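Tertiary structure, described
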Amino acid sequence: MHKGRGLEKTGVLMAALILVSTFLLPFIVVKPNRILEGQGQMLIDALPSVSSIALAAALVIVGLCLLLRLPASARLAIVTAALLAVILALGSAANAGLPPGNSYARVSPGSGFWLLLFALSLAFIDVIAKLKLSPTVRLMLLLIAIVAVGGIFASGILADISVMKEYANRADAFWAEMSRHAMLALGSMLVAFLIGLPLGVVCHRVSWLRAAALNMLNILQTIPSIALFGLLILPLGWMAAHIPGAAAIGISGIGTAPAFVALVLYSLLPVVANTVAGLENVPREANDAARGAGMTDLQRLFSIEFPLTFPSLLAAIRIVLIQNIGMATIAALIGGGGMGVFVFQGLGQSAMDLVLLGALPTVAMSFVAAIVLDALVDFSKAPGSEVRPA
Amino acid sequence: MIDIQSVTKRYGGKAVVDSVSFAVPEGTIAVLVGTSGSGKTTLLRMINQLVSQDEGTILIGGEDTRNIPGHELRRRIGYAIQGHGLFPHRTVAENIATVPRLLKWDRTRINARVDELLDLFQLDPAAFADRYPHQLSGGQQQRVGVARALAAEPKILLMDEPFGALDPVLRGKAQDELLAIQKRFGTTIVVVTHDINEAFHLGDTIAVMDKGMLLQYGRPIDLLKAPATPFVEGLVGAFDRPFRLLALDTVAGLIEPGEAQGEPIEAVRTRQDALAALMWSGADALPVVSTDGKPLGRVRLQTLLRQAVRPQ
């Protein structure tokens, strides 16, 4: 491999994206109010002339740098700086683009901004992947990123962006739905493990049950989520009406209960399947030796089988959590709450900014969950927990 | 020590162990030998009740094994298997400490025992205690497997093809190591193998099994002298018989006064070794010395050859 010679192949794509989005696509969209179509503005026009030219020139340089084979750390610094600059530019462009005294007007990020954000994020992820960082460092970076993003929002730089205006109007509801969303995703995962783990162990021991249980869970998985929500309304409604105390603990035909139950049902397949697969991968000799050493079945389960199944269970957590964070959005349709509330309100009002207010945090939550769990999976592969020698 | 009385085990109506009886005296090594599917492993696993027999009784120290809860019985009996079966997520020290921990020994006693066993198997505790099984060579893994089986000072050790995964050189070493350990602790050992050479090398007694039946049980010399069936005769090997016979005893009993020229043989070596040395050197007699090199006399080719004649 050449060093310092030739062009970086992925860099060509990213540089092209950066140039196109800087010069050909609108950086912001100014709308007369939150619903009407707006007027796009190029980056050059969106900012005061000096800073817009400086930023455009800087982005051209960033694009060129991505073409070159620079050391990964240099690329990381350049891309991070560019990301920050673009976000700050969005804030000030929004500030400059709002007609003074008009509280109905809105400034939204334009396609140029989104594409820039996409290209730079791609470059960022590319660099991170090439650095092959240890899981600890990746978690540290994530923490820094969360603090930085939190700082940007807290500083009010982006306060004039349409999505943030939507947020400002419903800040209380936002955090309430956010925690409801997290509760739905995490709580249903927890319950799915409480049910799925023992079920997986039993399925591993009893082969006829395994086929039956896995097939049933497979079928369950194919039911569209909205249909499953609907199907649960009837039995849960009946329970609420006829079983004393059921309504008191929150069971009802619509609302959080059916959403929660549906998420648990969807989570069961990955949990049970991964538990069974993990238990099956425990070396036969290790199990034989454990029995021969005089471990009881429970001792063997907890001190041999579960530890050796752990990587498989972590993989299940990753699948379930990310699946649930996404799927919990739909819970809003049956009154279950969560970030979907904003998505569906926004769709109803054809207010795209409101849709984004619901969608973007959901994406961010999945992203954080994926990074954290990938790091944990790497930790569990550290020497010692390696199940089979290489 | 171990008394197996008319033990039968059936799977799906077919007897894999068919009314087998024999007894292993305390402090001896019994080898179960047979082809795969002969039922030898099933029989071994019935001794520690990993498999429970359909008929018959197994007594250990006079006590019926079925009167003892399985896991408690197994904590008293060492168990080592082919491919070592070490727990991949536990260190060498933790692996060895498995049974002592189940028996709730205190920490200092466990640590002392782990270090003692590592020393015994020539694994430096400082270097090996904290390693994981995948960081060991095959021979080291096997030694840790046996050390783990011996950790709680069991009176009985069961071994299922313990050296099956080792190359011939390591296997020979491991066998000698086992003999030394058996001598030191006086453990009663039952070994399963399909290797007749291993059986002759290790066994005080050998049980030959085929298709679930015990064909013959006796001392190695009994198998050579009077093979019970053509199967046993074939297994022992007509061609190898005289050499196996010579391998059963040492030179010590055949020393004659007098002198001889050539490379001296130690009195503790087997008669087979002596014969090989005589044949290879072309001499009629070779000097015999003690382990510290003192001359004891000589061993003659004629004397040795007479020992290889079929015993009556």
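The structure displayed is predicted, hence computed values, not measured ones. Per-chain numbering applies: the sequence of each chain, read as written, is numbered from 1 onward. Chains and ligands are labelled by the order in which they are written, letters from A for the one and numbers from 1 for the other. In keeping with the model being predicted, local features are shown solely for residues with a pLDDT of at least 70 and side-chain atom pairs are shown and tallied solely at 80 or more, while totals for entire chains, interfaces and linings include all residues.

**Side note on the overall build of chain A**
Elements are defined by DSSP. Helices are runs of H or I of four residues or more, strands are runs of E of two residues or more, and each kind is numbered from the N terminus. The helix and strand inventory of chain A stands at 15 helices and three strands. Projecting the C-alpha coordinates of chain A onto the three principal axes gives extents of approximately 80 × 65 × 30 Å. With C-beta atoms placed from the backbone, a residue is labelled by how many other C-beta atoms lie within 10 Å of its own: buried for 20 or more, exposed for 12 or fewer, partly exposed between the two. Here chain A, with 390 residues, has 37% of them falling under the buried criterion. Two residues qualify as a contact pair if the distance between their C-beta atoms, derived from the backbone, is within 7 Å. Long-range contacts, defined here as pairs at least 24 residues apart, represent 74% of the contacts in chain A between residues at least 6 apart.

**So, the domain arrangement of chain B**
By convention, interface size is frequently given as the accessible area that disappears when the constituent parts associate. Residues and elements named next belong to chain B. For each domain, the first and last residues come from an automatic or database assignment. Parsing chain B into structural domains produces domain 1 (2–236) and domain 2 (244–307). Taking only C-alpha atoms into account, the centre of domain 1 sits 34 Å from that of domain 2. Contact residues are listed per partner, giving five residues for domain 1 and four residues for domain 2. Classification used: nonpolar for Ala, Val, Leu, Ile, Met, Phe, Trp, Tyr, Cys and Pro, charged for Asp, Glu, Lys and Arg, polar for all others including Gly. For the side of domain 1 that touches domain 2, the class distribution of residues is five nonpolar, no polar and no charged.

**Overview of the sheet that holds strand E1 (residues 2–11) of chain B**
Residues and elements named next belong to chain B. Spatially, the four strands line up as an open sheet ordered E2-E1-E4-E5, and their pairing is antiparallel. Both outer strands of the open sheet, strand E2 (14–24) and strand E5 (63–64), are each paired with one neighbouring strand and no more. Examined bridge by bridge, strand E4 (residues 55–60) and E5 share two bridges and lie antiparallel to one another. The partner of isoleucine 60 across the bridge, within E5, is glutamate 63. Pairing between strands is defined by DSSP: at least two bridges between them are needed.

**A short note on the sheet that holds strand E11 (residues 265–266) of chain B**
Residues and elements named next belong to chain B. Here we have three strands laid out as an open sheet, ordered E11-E12-E13, and mixed in their pairing. The outermost strands of the open sheet, each flanked by one partner alone, are E11 and strand E13 (295–300). Here strand E12 (residues 285–289) pairs with E13 via five bridges, running antiparallel. Across the sheet, the residue bridging to proline 287 is arginine 298, located in E13.

**Brief notes about the nonpolar core**
Each nonpolar core consists of buried Ala, Val, Leu, Ile, Met, Phe, Trp, Tyr and Cys residues. Their C-beta atoms, within 7 Å, join them into a set. One finds Leu263 and Val272 of chain A together with Val31, Leu32, Ala147, Leu158 and Val190 of chain B to be the most contacted residues of the largest nonpolar core, which totals 138 residues. Here this core gets 15 residues from one element, more than from any other, and that element is helix H11 (residues 256–281) of chain A. Met14, Leu55, Ala93 and Val127 of chain A belong to the second largest nonpolar core, which has 30 residues in total.

**Points about the domain arrangement of chain A**
Residue and element names in this part refer to chain A. By the assigned domains, chain A splits into domain 1 (9–158) and domain 2 (171–380). Taken over C-alpha atoms, the centre of domain 1 sits 35 Å from the centre of domain 2. Between domain 1 and domain 2, the residue contacts involve eight residues of the former and ten residues of the latter. Elements supplying a minimum of two residues to the side of domain 1 that touches domain 2: strand E3 (106–109) and helix H6 (135–155). The residue inventory of the side of domain 1 that touches domain 2, partitioned by class, reads four nonpolar, one polar and three charged.

**Structural notes on the UniProt feature "domain: ABC transmembrane type-1" (unreviewed entry) in chain A**
UniProt positions are given in the numbering used here, feature names are shortened, and annotations may be inferred rather than shown by experiment. Within this numbering scheme, the UniProt entry marks residues 178–373 of chain A as carrying the feature "domain: ABC transmembrane type-1" (unreviewed entry). Secondary structure across residues 178–373 of chain A divides into 81% helix and 0% strand, with the first and last C-alpha atoms of the span separated by 20 Å.

**Examining unusual backbone geometry**
Backbone geometry at lysine 132 of chain A places phi at a positive 50 degrees, although glycine is not the residue there. Relative to the helices and strands, lysine 132 of chain A is located in the loop between helix H5 (111–131) and H6. Although it is not a glycine, glutamate 161 of chain B sits at a positive phi angle of roughly 45 degrees. Of the residues examined, glutamate 161 of chain B has 20 C-beta atoms within 10 Å and is grouped as buried.

**A look at the pairing of strand E9 (residues 205–210) of chain B**
Residues and elements named next belong to chain B. In terms of burial, E9 is a largely internal element, five of the six residues being buried. Pairing of strand E3 (residues 29–34) with E9, which is carried by five bridges, proceeds in the parallel orientation. Residue pairing across strands places glycine 34 opposite methionine 209, the latter belonging to E9. Two strands pair when backbone bridges link them, and E9 and strand E10 (residues 213–218) are joined in this way by five bridges, in the antiparallel orientation. When the bridges of E10 are listed, alanine 207 appears paired with tyrosine 217.

**Structural notes on the confidence of the model for chain B**
When pLDDT is averaged along chain B, the result is 90, and 100% of the positions lie at 70 or above. For this predicted complex, the interface confidence reaches an ipTM of 0.83, while the overall pTM sits at 0.79. Scored from 0 to 100, pLDDT records how confident the predictor is in each individual residue.

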